[in-house]
Amino acid sequence: MISYLSGKIQSKDLKSLCVNVGGIGYRVYATLRILDKTVIGQEVELYTHLNVREDALELYGFENIEELELFTKLISVSGIGPKSALGVFTIAKAMEIKQAIANGDPALLTRVSGIGKKTADRIIVELRNKIGEIKISGQEYGNLAPSDADAIDALIGLGYSRQQAVESLRQSGEGSVEDRLRQALKILGKK
């Protein structure tokens, strides 16, 4: 499977890039964010997902592994194909998508063409507990350290939403992960 490409952009259109890797051109469907900020002749690195269909092999490219993992989770949901999943990235960044799923908010997902209320609800039901498996980078949550991902996962495992977990950890102050987790639980217990 092709999971990563590094090469020069040979050409591009409204939906995809042609990436020249060692003299071979790979057509890669990409997010609008990637398409807008790249130019022909530019070097690019993409994490890719190879979608195998009966009549085609299609590559979908992403800037980082977090986006790729979220894309993979989205297409695992019945009724969501790769083009619909890529459409989700057109309307929001990966972090916003993860927050909408974790918070059980289908409004963001229903803005995508082809995803109605029932499908958005199915995405939330199927991915709400799995969303914690997608790694969190510290920059996405402001002042939280990457080591806080384990504490966030622990709080989610106890039944709190991702947003509650993040907010309580922000308020928990300094200390080890265990100390901050205890403090976060006290904060959550007061609500």
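Residues numbered from 1 in each chain as written. Predicted model: local features only at pLDDT ≥ 70, side-chain atom pairs only at ≥ 80, totals over all residues. Heavy atoms only, no water.

Describing the overall build of the protein chain
The criterion, for reference: Helix and strand assignments come from DSSP, with helices taken as H or I runs of at least 4 residues and strands as E runs of at least 2, each series counted from the N terminus. Contact definition: two residues touch when any of their heavy atoms are within 4.5 Å.
Per the secondary structure count, the protein chain includes nine helices and five strands. Sequence-ordered secondary structure for the protein chain, helices as α and strands as β, is β-β-β-α-β-β-α-α-α-α-α-α-α-α. For the C-alpha atoms alone, the extent of the protein chain along its principal axes is close to 60 × 35 × 25 Å. In the protein chain, once contacts between residues fewer than 6 apart in sequence are set aside, the share between residues at least 24 apart is 50%.

Focus on the pattern of salt bridges
Two side chains of opposite charge can pair, provided their charged atoms sit close to one another. The following threshold applies: In the sections that follow, a salt bridge refers to a side-chain nitrogen of Lys or Arg positioned within 4 Å of a carboxyl oxygen of Asp or Glu. When accessible area is computed with a 1.4 Å probe and restricted to protein chains, residues below 20% of their type maximum are described as buried, those above 50% as exposed, and intermediate ones as partly exposed.
In total, this model carries nine salt bridges according to the counting rule given. Of the charged contacts in the structure, one is a salt bridge between Asp13 and Arg27, with a shortest N-O distance of 3.7 Å. One end of the pair, Asp13, is in the loop between β1 (4–12) and β2 (16–21); the other, Arg27, is in strand β3 (residues 24–30), with 14 residues separating them in the sequence. What makes Asp13 partly exposed here is its relative accessible area of 38%. One salt bridge connects Arg182 with Asp179, and the closest N-O pair in it is separated by 2.8 Å. Of the two residues, Arg182 and Asp179 both sit in helix α9 (residues 177–190), three residues apart, roughly one turn of that helix. Salt bridges here are not isolated pairs; linked through shared partners, they connect Arg53, Asp55, Glu58 and Lys83.

Here's the deal with the side chain of Glu58
Mapped onto the secondary structure, Glu58 falls in strand β5 (residues 57–62). Residues within four places of Glu58 in sequence aside, it is in contact with Tyr29, His49, Leu50, Asn51, Arg53 and Lys83.

Regarding the sheet that holds β5
Selection criterion: Pairing between two strands is assigned when DSSP locates at least 2 bridges connecting them. Lines are fitted to the C-alpha atoms to define the axes, a helix being fitted only along its stretch in contact, and any angle between axes, read from their N-to-C directions, falls within 0 to 180 degrees.
In spatial order, the strands read β1-β2-β3-β5-β4; together these five strands close into a barrel with mixed pairing. For this sheet the average axis-to-axis angle between neighbouring strands, irrespective of direction, equals 55°. For strand β4 (residues 43–52) and β5, the ladder comprises six bridges, and the chain directions are antiparallel. Looking at the pairing, Thr48 lines up with Gly61 of β5.

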